[in-house]
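Letter by letter, the chains look like this.
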Amino acid sequence: MSSRDWPLWEVFVRPRRGLSHVHAGSLHAPDAEMALRNARDVYTRRQEGVSLWVVPSAEIVASDPGERDAFFDPAEDKVYRHPTFYDVPEGVQHL
Amino acid sequence: MTTPVTPAGFVLGLADDALVSAQRMGWWISRAPELEEDLALANIGLDQLGQARALLTYAGELEGTGRTEDDLAYLRDDRDFRNVWLVERPQTDFGVTIARLLVFATWQSELYAALASSADLTLAGVAGKAVKEVAYHVDHARLWTLRLGDGTEESHRRMQDALDAEWPYVEELFVADPDAPIDPATLRDAVLGRVGEVVAAATLTVPEVAPSVGGGRRGLHTEHLGHLLAGMQHLHRSHPGVTW
Amino acid sequence: MRFEDLLAGDGRVEPRDEMPDAYRRTLVRQIAQHAHSEIIGMQPEGNWISRAPSLRRKAILMAKVQDEAGHGLYLYAAAETLGVDRADLLDQLHTGRQKYSSIFNYPTLTWADVGAIGWLVDGAAIVNQVPLCRCSYGPYARAMVRVCKEESFHQRQGFEILHTLAHGSPAQHAMAQDAVDRYWWPALMMFGPPDDDSPNSAQSMAWGIKRFSNDELRQRFVDMTVPQAEALGLTLPDPDLRWNDERGHHDFGEIDFTELYEVVRGNGPCNADRIAHKVRAHEDGAWVREAAAAYAAKREAGAA
């Protein structure tokens, strides 16, 4: 990050009550207080949200795309975790 | 019990304050210190313009002449405008813009909050919506006053200069109007108290200056308003009676 | 997953994936140019905010120019995921090392130009941008989804301005026709040089950055716009423009690209003004940006 820019922040918007915050984009701001206000002005101009989170981009810990196979492929053969794996006799309800 | 009639001139004053402010704020779009601030100032300008439109429409109804928001915005000369001097002078310096917004939005927030429970239900409706908008404007001005006042040496100096430049025009906001549903004179202590707290927290000083004579509410303006209106009105007036 | 496999499966490339340097460079250049266009594009329309002929139009125009700041912001953020800083991209804009769309080097002489920009320039931009929502680079594609969603009102408001003028007084009608006369050909040039003269297009198509060729998109725009012009009651300034039954498309006249290249080279009516305006704003704001950074640093030092 060049020191000439204000830090970069990631913005998460809750579209309406009952839903999770979803990543909307990023912006620059000198500090958290301003980041939150900027997020309001940049990402909720059309009533897109009822709640905002801002997180310094540098604070995000991300999984490494190089380790993707080790991270995510082992779940592939655990089909028994999904309800469609099981046969239900005809006529049985609420299962 | 009859509801007292709100004087059209009072509403027109508020409308013109908001309109002229919005016109000045529009200048910033594409000129702000950072992209994020372009969006913030545009939002503030849009809020002010929205307030102006609602208030102009209502002023037209109160005077009973059938004048629309556009008739009032575009077809009055500067002697018929009722805004205060604070909002009409150029604001091409960011510090000046923030200093002015701090004072103006705080004044609006006190006034709108009081008007929101006015017996004049139309005015109360407009004020009730606007009070939320200007709360955000006050907050924006507060955050920037703190950062400019307590930022660098240069920003401290420039923000103090900006306050000094705006302060002669503050007193006009509180000129007494006993016929108004809320007499602006009664807001003085609350407004200056709130503004003073922010100024002090920003390591700045409330200027001690003699107030300008003012006269905007009586249609006596600085030379700046004529130029602002010339730009704003020329196209509309060049094609009388058409639809845009 | 390997870059080639991702592209072959029409998958999306994400910021931390491995990618060829040339792909990264091409994206940075294109996204930055796109972002610069949004930002410089604020000026020709911003030129009319103070003079908009009704308060309703003033509000719409302010909101629209504000949207363009937002779009520039989304796009700079997309470019930043590729490891560049916004400040560096702005430097390159300010010093002429990166370009923006030449259409914004034309002046907005009358109010009708605001309508023509909305209808024709935003119309052409939308035709260009909709396929970019499926661009192979995820952050760019997502930024474009947001831009396209917001942009839909821009073209309509431009059309509405022209429709009102075209059905207004004779002077208003003439104003509208004059604007369309001046903006039609530059709008067609927004799609870039003809396919056989567009050296980088094939590579961009192979990388899934570009989905359709310049000429395909230009044709799509012409076909879309002709009936709209009829609805407006305005003529498009091209005597060769006519429906071709065989092709199922409109034929149109040859585009004089020499003018485009002159404008790209910096000899358009507004090149110098646009950059000077942007540089001045940036320099005038330096003390504000520094103040906010200094304030934040003090708070952080105080908290530590």
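Residues numbered from 1 in each chain as written. Chains lettered and ligands numbered in written order. Predicted model: local features only at pLDDT ≥ 70, side-chain atom pairs only at ≥ 80, totals over all residues. Heavy atoms only, no water.

A. Spatial organisation of the overall build of chain C. Along its length, chain C carries 13 helices and two strands. Expressed as lengths along the three principal axes of its C-alpha atoms, the size of chain C is roughly 70 × 50 × 35 Å. Out of the 304 residues belonging to chain C, those deemed buried represent 58%. Put simply, 78% of the contacts in chain C that link residues at least 6 apart link residues at least 24 apart. Within the structure as shown, chain C displays about 12,400 Å² of accessible surface, and the carbon and sulfur contribution to it stands at 53%. Positive and negative side-chain charges in chain C, numbering 33 and 43 respectively, have mean positions lying 7 Å apart. (Helix = DSSP H or I, 4+ residues; strand = E, 2+ residues; numbered from the N terminus. Buried < 20%, exposed > 50% of the residue type's maximum accessible area, 1.4 Å probe, protein only. Contact = heavy atoms within 4.5 Å. Areas by Shrake-Rupley, 256 points an atom, 1.4 Å probe, with all protein chains shown as cover. Lys, Arg positive; Asp, Glu negative; His and termini not counted. Charge placed at Lys NZ, Arg CZ, Asp CG, Glu CD.)

B. Summary view of the interface of chain B and chain A. Taken together, the contact pairs eleven residues of chain B with twelve residues of chain A. Contact between chain B and chain A buries roughly 1,300 Å² in total, counting both sides, with carbon and sulfur atoms accounting for 56%. In terms of surface lost to chain A, no three residues of chain B exceed Glu36(B), Tyr136(B) and Arg147(B), which account for 42% of the buried area on that side. Residues Arg147(B) and Asp31(A) are paired through a salt bridge, measuring 2.9 Å at the closest nitrogen-oxygen approach. Linking chain B with chain A are seven residue pairs in polar contact (both at pLDDT 80 or more). In terms of residues, the side of chain B that touches chain A owes the most to one element, helix 6 (residues 121-149) of chain B, which gives six residues. The class makeup of the residues in the side of chain B that touches chain A is five nonpolar, one polar and five charged. (Buried area = accessible area lost by both parts, 1.4 Å probe. Salt bridge = Lys/Arg side-chain N within 4 Å of Asp/Glu carboxyl O. Polar contact = N/O pair within 3.5 Å; in protein donor to acceptor, adjacent residues only side chain to side chain. Nonpolar A, V, L, I, M, F, W, Y, C, P; charged D, E, K, R; others polar.)

C. Summary view of the sheet that holds strand 2 (residues 22-28) of chain A. Residue and element names in this part refer to chain A. Strand order in the open sheet formed by three strands is 2-1-3, and the pairing between neighbours is antiparallel. The sheet is open, and its two edges are formed by strand 2 and strand 3 (51-56), each paired on a single side. Ignoring which end each strand starts from, the neighbouring axes of this sheet average 30 degrees apart. Across six bridges, strand 1 (residues 8-14) lies against strand 3 in antiparallel orientation. Each bridged residue has a counterpart across the sheet, and for Arg14 the counterpart in strand 3 is Ser51. (Pairing = 2+ DSSP bridges. Axes fitted to C-alpha atoms, helices over the stretch in contact; angles between N-to-C directions.)

D. Geometry of the pairing of strand 1 of chain A. Residue and element names in this part refer to chain A. The buried fraction of strand 1 amounts to six of the seven residues, a majority that puts the element mostly inside the structure. Strand direction decides the pairing type here: strand 1 and strand 2, joined by six bridges, are antiparallel. What sits directly across from Glu10, in strand 2, is Ser26.

E. Main features of the side chain of Asp16(B). Residue and element names in this part refer to chain B. In this structure, Asp16 sits in helix 1 (residues 8-26). Relative accessible area serves as the criterion here: at 0%, Asp16 is assigned to the buried category. In this view, Asp16 contacts Leu56, Arg76, Asp80, Phe81, Arg82 and Asn83; residues no more than four positions away in its chain are not counted.

F. Quick look at the confidence of the model for chain C. Confidence along chain C averages 95 in pLDDT terms, with 100% of residues attaining 70 or more. For this predicted complex, the interface confidence comes out at an ipTM of 0.97, alongside a pTM of 0.95. (pLDDT = per-residue confidence, 0-100.)

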